[in-house]
Amino acid sequence: MRNVFLISFLVLLQISCKKTIKEDSPLTVMYLAPQKIEYASGFTIQNKKGYKEIKVMSPWPDAKQELTYILYPKGTNRPPTFPNTTYIEVPIERVVVTSTTDIPMLEYLNLEDKLVGFPHTDYISSEKTRTLIDSGSIKELGKAENLNTEVVLELAPELIIAFSSSGDTNTYNLIQKTGIPVVMNGSWLEEHPLGRAEWIKFIAAFFGKETIAEEVFQNIKKEYTQASTLAQNTNTSPTILSGNMYKDVWYVPGGNSFFVKFLRDANTKYLWPENKKTGSLALNFESVLEKAQNADLWIGSINASTLNELEKNNRQYTLFNAFKNKAVYSSSLKVGQKGGLIYYELGPMRPDLILKDIIKIAHPEMLTDYEPYFFEKLN
């Protein structure tokens, strides 16, 4: 009974909020621009007669059913009803997102002022969006998997862009019952670096920013492909060690993982290419040492800011030539005002910068005017 009462209360509150917003806002009929998807495999966009259909095939790992979203212009009739479909009037004016990777996409589309709420705002590093947080324009919403529903209803967003690592969407289901549509963003499951960046087109569709999204993506694609072509023309392919120890296990990227794609496109030799995992491969220290002791470079997620700190974490790291030669590079040194890692926030949107960083490290004679953006050498 308590849940039924809560849902009824939230529905009534949301209807009240929606009425206020719609009465104060003029209806706008917008043009739904067509969109072409090149690299992303997790979603499709199709223009229909008077509306746009988006399908998300992989909203979370091992999802059993694709999700369908129908976007139609404000001021027009709702399209025919389809089962298991979420309907969204566009363009959106007030949005809640739940992943820091969505922040750069909003900013590249000049939409940061549409953001009204975010869970764990301390995780956001962008100075532009932090200014909005500090001014009170963006409200704190608690935890992504358990949003503060009362605050969400007070904010009255027209859309929530969410994600789930497990398929647990109970909180979002409750919110959706109040009339606020929720869409799931599965960009983090893309295996190609440009596939992740292309989800900016997914975000753009809800705001009528398709043209800007296409321009942004094409520029990133151009920079990425040109850098990769340049790297393939080098005569050397340095060997790469990646990952680090967690307790008694060394986790290295799988051979088909997102990060290893960068290593291949940078013309380097990854030492575990035969493994076909898209996630991590768990190994013992001895097997890693046997294969990677003479690796030229150690690049990856390293939980240390200096070589001394790395040695204190585990003295066995000093057995690797990359450590001895001070050829250890980490993406964890560049942090935002509140300690958020820039690499994980901006990296998915700017794979061209990640690739150029690795090329500059592996082939220092290339990209002579480029300074690495994410990766720094441990001193």
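Report on the accompanying structure. (Residues numbered from 1 in each chain as written. Predicted model: local features only at pLDDT ≥ 70, side-chain atom pairs only at ≥ 80, totals over all residues. Heavy atoms only, no water.)

1. With respect to the packing of helix 8 (residues 210-232) against helix 14 (residues 351-362)
Consideration 1: As a packed pair, helix 8 and helix 14 sit with axes 8 Å apart at the nearest point and diverge in direction by 20°. Here helix 8 lies roughly parallel to helix 14, going by the angle between them. Every pair of crossing elements has a handedness; the one defined by helix 8 and helix 14 is left-handed. Residues Ile220, Glu223, Tyr224, Ala227, Ser228 and Ala231 of helix 8 form the contact with helix 14, whose participating residues are Pro351, Asp352, Leu355, Lys356 and Ile359. (Axes fitted to C-alpha atoms, helices over the stretch in contact; angles between N-to-C directions. Helix = DSSP H or I, 4+ residues; strand = E, 2+ residues; numbered from the N terminus. Parallel < 35°, antiparallel > 145°, perpendicular 65-115°, else oblique. Left-handed = near helix turned anticlockwise from the far one by under 90°. Contact = heavy atoms within 4.5 Å.)

2. As for the packing of aromatic side chains
Consideration 1: Enumeration according to the criterion identifies 20 aromatic pairs in this entry.
Consideration 2: With a centroid separation of 5.0 Å and 55° between ring planes, the pair formed by Trp199 and Phe202 is classed as tilted.
Consideration 3: For Trp199, a relative accessible area of 0% puts it in the buried group.
Consideration 4: Members of the aromatic cluster, joined through ring pairs, are Phe259, Tyr343, Tyr344, Tyr373, Phe374 and Phe375.
Consideration 5: Positioned above the aromatic ring of Tyr87 is the side chain of Arg78, whose terminal nitrogen or guanidinium carbon lies 3.8 Å from the ring centre.
Consideration 6: The ring of Tyr373 carries the charged tip of Lys334 above its face, separated from the ring centre by 3.3 Å. (Phe/Tyr/Trp six-rings, centres within 6.5 Å; stacked < 30°, edge-to-face > 60°. Buried < 20%, exposed > 50% of the residue type's maximum accessible area, 1.4 Å probe, protein only. Lys NZ or Arg CZ within 6 Å of the ring centre and 35° of its normal.)

3. A closer look at the side chain of Thr98
Consideration 1: Tracing the backbone shows Thr98 in the loop between strand 5 (95-97) and helix 2 (102-108).
Consideration 2: A distance of 3.4 Å separates a polar side-chain atom of Thr98 from the backbone nitrogen of Phe163.
Consideration 3: Look past the residues within four positions of Thr98 in its chain and what remains in contact with it is Phe118, Pro119, Ala144, Leu147, Ile161, Ala162, Phe163 and Tyr172. (Polar contact = N/O pair within 3.5 Å; in protein donor to acceptor, adjacent residues only side chain to side chain.)

4. Describing the sheet that holds strand 13 (residues 244-246)
Consideration 1: With respect to topology, three strands assemble into an open sheet ordered 13-14-16, the strand pairing being antiparallel. Looking along the sheet, the strands with just one partner apiece sit at the ends: strand 13 and strand 16 (280-283). The average angle at which neighbouring strand axes cross in this sheet is 40°, direction not considered.
Consideration 2: As judged from the four bridges shared by strand 14 (residues 249-253) and strand 16, these two strands associate in the antiparallel manner. By the bridge assignment, Val252 is partnered in strand 16 with Leu281. (Pairing = 2+ DSSP bridges.)

5. Considering unusual backbone geometry
Consideration 1: Across the junction of Val90 and Pro91, the peptide omega takes the value 5°, indicating a cis bond.
Consideration 2: Checked against the element boundaries, Pro91 lands in the loop between strand 4 (85-90) and strand 5.
Consideration 3: We note that Lys247 has phi near 60°; this positive angle belongs to a residue other than glycine.
Consideration 4: Take Lys247: it is sitting in the loop between strand 13 and strand 14.
Consideration 5: With a relative accessible area of 67%, Lys247 lands in the exposed category.
Consideration 6: The phi dihedral of Lys326 is positive, around 55°, even though this residue is not glycine.
Consideration 7: Looking at the element boundaries, Lys326 is found in the loop between helix 12 (321-324) and strand 18 (328-330).

6. Re the sheet that holds strand 17 (residues 297-300)
Consideration 1: Strand order in the open sheet formed by five strands is 15-12-17-18-19, with mixed pairing between adjacent strands. Since the sheet does not close on itself, it has two edges, and those belong to strand 15 (269-270) and strand 19 (376-377), each with one partner.
Consideration 2: Pairing analysis gives three bridges linking strand 17 to strand 18, with the strands arranged parallel. Considered in strand 18, the bridge of Gly300 is made with Ser330.

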